[in-house]
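One letter stands for each residue in the lines below.
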Amino acid sequence: MLRFEGLEIAQSGFRLRADLEVARGARVGVIGPSGAGKSTLLGAISGFVPVKSGQIMWEGASLLPLTPSARPVSILFQDNNLFPHLTVAENVALGLRPSLRLSAGERARVGDALARVGLEGLEDRRPAQLSGGQQGRVALARVLLRARPILALDEPFAALGPALKAEMLTLVAEICDETGATLLMVTHDVGDVEAIADQTLLVAGGAVSGPHATQALLADPPPSLRAYLG
Amino acid sequence: MSPRAARLCALGAGGVVALWLLVLNFGALGAVAWRAEGFSGLRSADWAAVRFTLTQALWSAGLSVLLAIPLARALARRTFPGRGLLITLMGAPFILPTLVAVLGLLAVFGRSGLVNQGLGSVGVSPISIYGLHGVVLAHVFYNLPLATRILLQGWGTIPAERFRLAASLGFSPWQMFRQLEWPMLRELVPGAVLVIFLICLTSFAVALTLGGGPRATTVELAIYQAFRFDYDMGRAAMLALLQFGLCAAAALLAWRVALPAGLGGGMDRPVQRFDLGRGWLDGALIALAALFLLTPLGMIVARGIAQVPVLPPEVWHSALRSLMVALGATAVTLVMTLALAHAVLALGGARGAALEGLGLAPLAASSLVVGTGLFVLLLPVTSPRDWALVVTMLVNAGMALPFALRLILPGLREVQATQGRLADALGLHGLARLRIVTLPRLRRPLGFAAGLTAALSMGDLGVIMLFAEREGATLPMQLYSLMLAYRQADAAGAAVLLLGASLFLFWVCDRWGRGRAEV
């Protein structure tokens, strides 16, 4: 279970509070107006944004003392999820060993992960030689190998067209099924949430509320969300 | 390695480098002052040296930039075959060994050079290249290309759309200049003048060869003479303090005016302009500049290339020594720069900026002052002459550090900004991060910085003159003694060898940096 206990994030002229919990294995969309703090919330969970007070707990232990890589979190950012000078296989292998010194068995696992996301045979390409959708798949193959219990997506597929994005979301859902990961997905597109997230966190007015049942929330949105949805 | 340990490592390594820079730039000065045992009074000749230093630096900086403005403008707006090559060659004087440039200028403007031959054939008495105008000529030869590159980049920053807009509004050429080009110049020119002024303040080899005598001695040259010929440490120390004061004042000024970057960076394609008249004026300017810059080098190569295979063995030995010094200096510079750059970013904020400032300090340091200081520090422990090459290597590494730092720090900053979070999220820290992420991403600036350092060090004639005897000479020093001995054929051959070695070192390193084109 992921718990925010009296969490407060403060940056210059910006405050965000959260006091709630998300069940293990849940698939949660994170929505709200621009600048409300959706990415900041994910940044705090993954260790990139300092917390002013309160706690973030996972399975009863605090995440705050941990460095980003020690947290039980895989995060995909809006961009820069791959190193452009490394091959596809190397980019994925970083999820197993940051030193890139892989055993034969580990190398085979990298190959399996790439096959799982449909990128067989592209091991030696570099990111620039791939399409946007393929790049997303490489990042997801690494998520698969890291197998962290929390998967945080900060709009990594925002630049993709609708069909490709739907494809990626299906893959994300499958990966969550296979690894049992808890999904937190920031998005601007309510359709994304409806597609794979049964619960939703609403970030607005300096506070995080929820989790709400997605269907009920969208059927009868509170004023802050209504203003955003238009 | 944990992130905290990695951070501590960066700070520790940066601290060591910072300490070394303090010793090099300030400790050496202290040692000189301490050793001086009471300052002997400065003679009027010393004040003349100060006056001459300032005068020649002002003339050199002013003329270089003044001439660079129309030249850069012409280059910025004209397309012609060989434009790219010419601009690339404009970067070459920076890595051109000073003595080679001097020899080239002598071949054109010297007593029996091209110009005097021409004048003689029409019965005009010969002009002399020695003295103030010779020193200024050599400095302009050196710095006109640098100034041109700085300003050319300035022209490149004016968006093409703005010229289009100006054309559609029917701007006159004067309005075009006033509204578009003048604001850019006002921003860049002070910095360009200061950079060149600073470079010329510490000029040693040019003054040594084209200046000298009571009327054309720089402070740097006076330090050398007090140290080497009079062995008057008190005077050398006073002069060193004076020189330090001059440089520090200029550097403080430069600190307030943001210094432009004239190295590296793509010189963009010419901006399409709509206010071009007939091109003869621009064309004449470009041709004159090319003639001025290329003839001396062409003369040297033409005179010396046949002599290279028959150079005496001691020249080849000194070349080998110089090569080792250059490679050592390159390695030391790169390690110091990486350590310092990581520490600057790890500290961040004002403290990071202060550390960065310390890294740029050698720009204002005089290598003769530093050399004198190191000599004094070594004297109680060992015979300084035995360490001539090591000291030269370390001083060269320090001299190149500001340039390397300016090339590498922005690159590192960008790597951290774009890929730092991803590396953190994946637990890439310490050496693994350096090997897998940082070094591959920095390959280009690293290669360029390595090339600059190697070439600068290969061609440097400075601190070695304080330490070495003839048998331990580097190639530039050997070249200088050939020039003194009027062995002109050997000197020309050695100059071609030196030029070739410097350019080759630069080319190899830079080429390595450009290796992975697909990134």
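Residues numbered from 1 in each chain as written. Chains lettered and ligands numbered in written order. Predicted model: local features only at pLDDT ≥ 70, side-chain atom pairs only at ≥ 80, totals over all residues.

## So, the overall build of chain A
Rules: Runs of H or I in DSSP of at least four residues are treated as helices and runs of E of at least two as strands, each being numbered from the N terminus. Counting other C-beta atoms within 10 Å of a residue's own tells you its class, since 20 or more makes it buried, 12 or fewer makes it exposed, and anything in between is partly exposed; those C-beta atoms are placed from the backbone.
Helix and strand counts for chain A stand at 8 helices and 10 strands. By principal-axis analysis of the C-alpha atoms, chain A measures approximately 50 × 40 × 30 Å. Across the 230 residues in chain A, those meeting the buried criterion constitute 44%.

## What about the overall build of chain B?
As a reminder, the rule being used: Here the radius of gyration uses the C-alpha set of atoms, whereas the globule reference equals 2.2 Å times the residue count to the power 0.38. Once C-beta atoms have been placed from the backbone, residue pairs whose C-beta atoms lie within 7 Å are recorded as contacts.
Assigned secondary structure in chain B consists of 22 helices and 0 strands. Here chain B has a C-alpha radius of gyration of 24 Å; the compact-globule value for 519 residues is 24 Å, and the two agree. In terms of principal-axis extent, the alpha carbons of chain B reach across some 75 × 65 × 50 Å. Classification of the 519 residues of chain B by burial places 49% in the buried group. Across chain B, contacts joining residues at least 24 apart in sequence account for 85% of those joining residues at least 6 apart.

## Some details on the interface of chain B and chain A
To keep it simple, the criterion reads: Charged residues are taken to be Asp, Glu, Lys and Arg, nonpolar residues to be Ala, Val, Leu, Ile, Met, Phe, Trp, Tyr, Cys and Pro, and polar residues to be all remaining types, Gly included.
Listed as interface residues are 18 residues of chain B and, on the opposing side, 19 residues of chain A. Of all the elements in the fold, those that place two or more residues in the side of chain B that touches chain A are helix 17 (388–425) and helix 18 (430–441) of chain B. If one sorts the elements of the side of chain B that touches chain A by residue count, helix 17 of chain B sits on top with 6 residues. Looking at the side of chain B that touches chain A residue by residue, the class counts come to 10 nonpolar, 3 polar and 5 charged.

## So, unusual backbone geometry
Residue and element names in this part refer to chain A. For the bond running from glycine 210 to proline 211, omega is -5°, close enough to zero to count as cis. For proline 211, the position within the fold is in strand 10 (residues 207–213). Positive phi outside glycine occurs at leucine 100, with the angle close to 65°. Relative to the assigned elements, leucine 100 resides in the loop between helix 2 (88–93) and helix 3 (104–116). Residue classification places leucine 100 among the partly exposed residues on the basis of 15 C-beta atoms within 10 Å.

## Description of the nonpolar core
Put simply, the rule reads: Note on terminology: a nonpolar core is a set of buried residues of type Ala, Val, Leu, Ile, Met, Phe, Trp, Tyr or Cys, with members joined through C-beta atoms within 7 Å. Boundaries of every domain are those given by an automatic assignment or by a domain database.
Judged by nonpolar contacts, the single largest core of 240 residues is most densely connected at Ile223, Ile408 and Ala495 of chain B. It is helix 17 of chain B that provides the largest number of residues to this core, a total of 20 residues. Residue contributions to this core reach at least three from each of two domains, namely domain 1 (22–50 + 61–72 + 148–230) and domain 2 (82–146) of chain A.

## Concerning the environment of methionine 393 of chain B
Residue and element names in this part refer to chain B. Tracing the backbone through its elements, the reader meets methionine 393 in helix 17. Spatially, the C-alpha atom of methionine 393 lies 6.9 Å from that of alanine 326, the residues being 67 residues apart in sequence. When sequence neighbours within four positions are dropped, the list of residues in contact with methionine 393 reads Val325, Gly328, Ala329 and Val332.

## Side note on the domain arrangement of chain A
Residue and element names in this part refer to chain A. Domain annotation of chain A identifies domain 1 (22–50 + 61–72 + 148–230) and domain 2 (82–146). Centre-to-centre, using C-alpha coordinates, domain 1 lies 24 Å away from domain 2. With 13 residues of domain 1 at the interface, the matching set in domain 2 holds 9 residues. Take the side of domain 1 that touches domain 2: its biggest share by element is 7 residues, from helix 5 (residues 162–179).

## Examining the sheet that holds strand 5 (residues 61–62) of chain A
Residue and element names in this part refer to chain A. Quick note on the threshold: Criterion used throughout: strands pair if DSSP finds at least two bridges between them. Note on method: axes are straight lines fitted to C-alpha atoms, helices fitted across the in-contact stretch only, with angles between N-to-C directions ranging 0 to 180 degrees.
With respect to topology, 10 strands assemble into an open sheet ordered 5-4-1-2-10-9-3-8-7-6, the strand pairing being mixed. Both edges of this open sheet fall to strand 5 and strand 6 (73–76), since each of them pairs with a single strand only. As defined by bridge partners, strand 3 (residues 27–31) adjoins strand 8 (residues 182–186) across 4 bridges and the pair is classed as parallel. Within the sheet, the bridge partner assigned to arginine 27 lies in strand 8 and is leucine 183. Relative to the sheet, helix 1 (residues 38–46) contacts strand 1 (2–11), strand 2 (14–22), strand 3, strand 4 (53–58), strand 6, strand 7 (150–154), strand 8, strand 9 (199–204) and strand 10, its axis offset from that of strand 7 by approximately 145°.

## A short note on the packing of helix 14 (residues 313–347) of chain B against helix 17 of chain B
Residues and elements named next belong to chain B. The test is simple: The labels follow the angle: roughly parallel below 35 degrees, roughly antiparallel above 145, roughly perpendicular from 65 to 115, and oblique for the rest. Each helix crossing is assigned a hand: it is left-handed if the near helix lies turned anticlockwise from the far helix by less than a right angle, otherwise right-handed if that turn is clockwise.
Contact geometry of helix 14 with helix 17 gives a least axis separation of 6 Å together with a crossing angle of 40°. Relative to helix 17, the element helix 14 is oriented oblique. Judged by the sense of rotation from one axis to the other, the crossing of helix 14 with helix 17 is right-handed. Residue classes in the contact of helix 14 with helix 17 are distributed as 21 nonpolar, 6 polar and 2 charged.

## A few points about the packing of helix 14 of chain B against helix 15 (residues 349–360) of chain B
Residue and element names in this part refer to chain B. As a packed pair, helix 14 and helix 15 sit with axes 7 Å apart at the nearest point and diverge in direction by 160°. Put simply, helix 14 runs roughly antiparallel to helix 15. Here Leu340, Ala343, Val344, Leu345 and Leu347 of helix 14 come into contact with helix 15, specifically with Gly349, Arg351, Gly352, Leu355, Glu356 and Gly359.

## Here we look at the confidence of the model for chain B
Residue and element names in this part refer to chain B. Quick note on the threshold: What pLDDT expresses is the predictor's confidence in each residue, scored from 0 to 100.
The predicted model of chain B averages 84 in pLDDT, with 93% of residues at 70 or higher. Mean pLDDT across the elements of chain B bottoms out in helix 8 (residues 160–168) (73) and peaks in helix 14 (94). Scored below 50 in pLDDT, residues 262–268 shows 12 contacts in the model against residues more than four places distant or in partner chains. Interface scoring of the predicted complex returns ipTM 0.76; its pTM is 0.80.

## Let's talk about the pairing of strand 9 of chain A
Each regular strand displays side chains that alternate between the two surfaces of the sheet. Residue and element names in this part refer to chain A. Here strand 3 runs beside strand 9; their pairing, made up of 4 bridges, is parallel. Bridging across to strand 9, valine 28 finds its partner in glutamine 199. Where strand 9 and strand 10 come together, 5 bridges link them in antiparallel fashion. Residue pairing for strand 10: alanine 204 is matched across the bridge by alanine 207. Following strand 9, the chain reverses through 2 residues before pairing antiparallel with strand 10; glycine 205 in that reversal takes a positive phi of roughly 60°.

## Brief notes about the pairing of strand 10 of chain A
Residues and elements named next belong to chain A. Within strand 10, 5 of the 7 residues are buried, which leaves the element mostly enclosed by the surrounding structure. Where strand 2 lies against strand 10, 2 bridges are found, and the strand directions are parallel. Looking across to strand 10, one finds that alanine 18 is bridged to valine 208.

## Side note on helix 2 (residues 44–77) of chain B
Filter applied, for reference: Here the expected length of a helix is defined as 1.5 Å per residue gap, with one fewer gap than residues. Values of bend correspond, residue by residue, to the angle between axes fitted over the seven residues ending at that residue and the seven starting there.
For helix 2 of chain B, built from 34 residues, the straight-helix expectation of 50 Å at 1.5 Å per residue is met to within 8% by its first-to-last C-alpha distance of 50 Å. By the largest-angle criterion, alanine 68 of chain B marks the main kink of helix 2 of chain B, which is about 30°, and a proline, proline 70 of chain B, follows within four residues.

## Regarding helix 4 (residues 132–146) of chain A
All names here are of chain A. For helix 4, with 15 residues, the first-to-last C-alpha span of 22 Å sits near the 21 Å given by 1.5 Å per residue. Summarising burial for helix 4: 12 of the 15 residues are buried, a large majority. Burial in helix 4 covers these residues: Gln135, Gly136, Arg137, Val138, Ala139, Leu140, Ala141, Arg142, Val143, Leu144, Leu145 and Arg146. Tucked inside the fold, the buried residues of helix 4 contact strand 6, helix 2, helix 3, strand 7 and helix 5. A positive phi of about 50° marks alanine 147, the residue just after helix 4.

## So, the environment of leucine 452 of chain B
Residues and elements named next belong to chain B. Structurally, the position occupied by leucine 452 is in helix 19 (residues 443–459). Using a count of 25 C-beta atoms within 10 Å as the deciding quantity, one classes leucine 452 as buried. Leucine 452 sits 48 residues away from alanine 404 along the chain, and the two C-alpha atoms are 8.0 Å apart. When sequence neighbours within four positions are dropped, the list of residues in contact with leucine 452 reads Ile95, Ala400, Phe403 and Phe506.

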